[in-house]
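Chain by chain, the residues:
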Amino acid sequence: MKTESTRRILGIDPGYDRCGVAIIEGTAQKPRVVFSCCIETNKKKTFIERAEFIFNSLNKIIKEYKPTEVSVEDIFFTTNQKTVIKVSEARGICLLAAQINKLKIAEYTPLQIKTYLTSYGKADKKQVYFIVEKMLKLDLKDEKVKKEWEKKVDDEIDAIAIAMVHLFVGK
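Small disclaimer: the values here were computed from a predicted structure and weren't measured. (Residues numbered from 1 in each chain as written. Predicted model: local features only at pLDDT ≥ 70, side-chain atom pairs only at ≥ 80, totals over all residues. Heavy atoms only, no water.)

**Digging into the environment of L138**
Logical step 1: With respect to the element layout, L138 can be found in the loop between α4 (125-135) and α5 (143-151).
Logical step 2: On the basis of relative accessible area, L138 is assigned to the partly exposed category, the value being 28%.
Logical step 3: With 78 residues separating them along the chain, L138 and K60 place their C-alpha atoms 28 Å apart.
Logical step 4: For L138, the residues in contact, after removing those within four places along its chain, are E133, V145 and W149. (Helix = DSSP H or I, 4+ residues; strand = E, 2+ residues; numbered from the N terminus. Buried < 20%, exposed > 50% of the residue type's maximum accessible area, 1.4 Å probe, protein only. Contact = heavy atoms within 4.5 Å.)

**A few points about the side chain of R91**
Logical step 1: Relative to the elements of secondary structure, R91 occurs in helix α2 (residues 81-100).
Logical step 2: Relative accessible area serves as the criterion here: at 10%, R91 is assigned to the buried category.

**Quick notes on the packing of helix α3 (residues 110-118) against helix α6 (residues 154-169)**
Logical step 1: In contact at an axis separation of 10 Å, α3 and α6 are set at 65 degrees when each is read in the N-to-C sense. Of the two elements, α3 crosses α6, and the hand of that crossing is left-handed. From α3, I113, Y116 and L117 reach across to α6, where they touch A161, I162, V165 and V169.
Logical step 2: Taken together, the residues of the contact of α3 with α6 break down into 7 nonpolar, no polar and no charged. (Axes fitted to C-alpha atoms, helices over the stretch in contact; angles between N-to-C directions. Left-handed = near helix turned anticlockwise from the far one by under 90°. Nonpolar A, V, L, I, M, F, W, Y, C, P; charged D, E, K, R; others polar.)

In structure tokens form, the structure reads like this:
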């Protein structure tokens with residue numbers, strides 16, 4: 001009987017204001033969050049300075065936590081084209097950091113992420129977060145665990161969800 005091997009995956013919810021990042025380790029049966037944060041850029045800086053900050057921050061995280069795979073949210077279309085272009089550029093920075101560090105790259109659309117986690121492609125964030133909490137087997141009755149989880153920002157939890165999708169379905 002073949003046992004599933006432990007994997008270490010970097011999940012990224014790309015953005016140029018805030019870029020959610022998470023390192024997930026384990027197997028589909030026993031995932032755990034090793035690290036998560038939100039890379040926040042300074043709005044007073046130029047876009048290229050912000051892009052450099054994201055790139056350098058990701059490189060530092062990759063060097064410290066040594067993931068072998070990365071799961072990045074694919075871009076979705078909105079009515080605000082200026083925002084979509086900037087997020088696409090930030091996403092490119094994230095993919096470049098992954099490629100330079102020789103990580104195996106997987107990309108998932110928001111629809112895929114929601115469908116894989118909840119079986120419903122139009123699930124809202126609350127539904128996705130509820131499933132992520134259950135899959136991580138978080139004991140939210142434990143005050144310390146609950147406080148830590150509640151401190152995480154949306155982009156950070158999205159990155160956890162993106163990494164978890166790859167842990168469960170990615171090859």
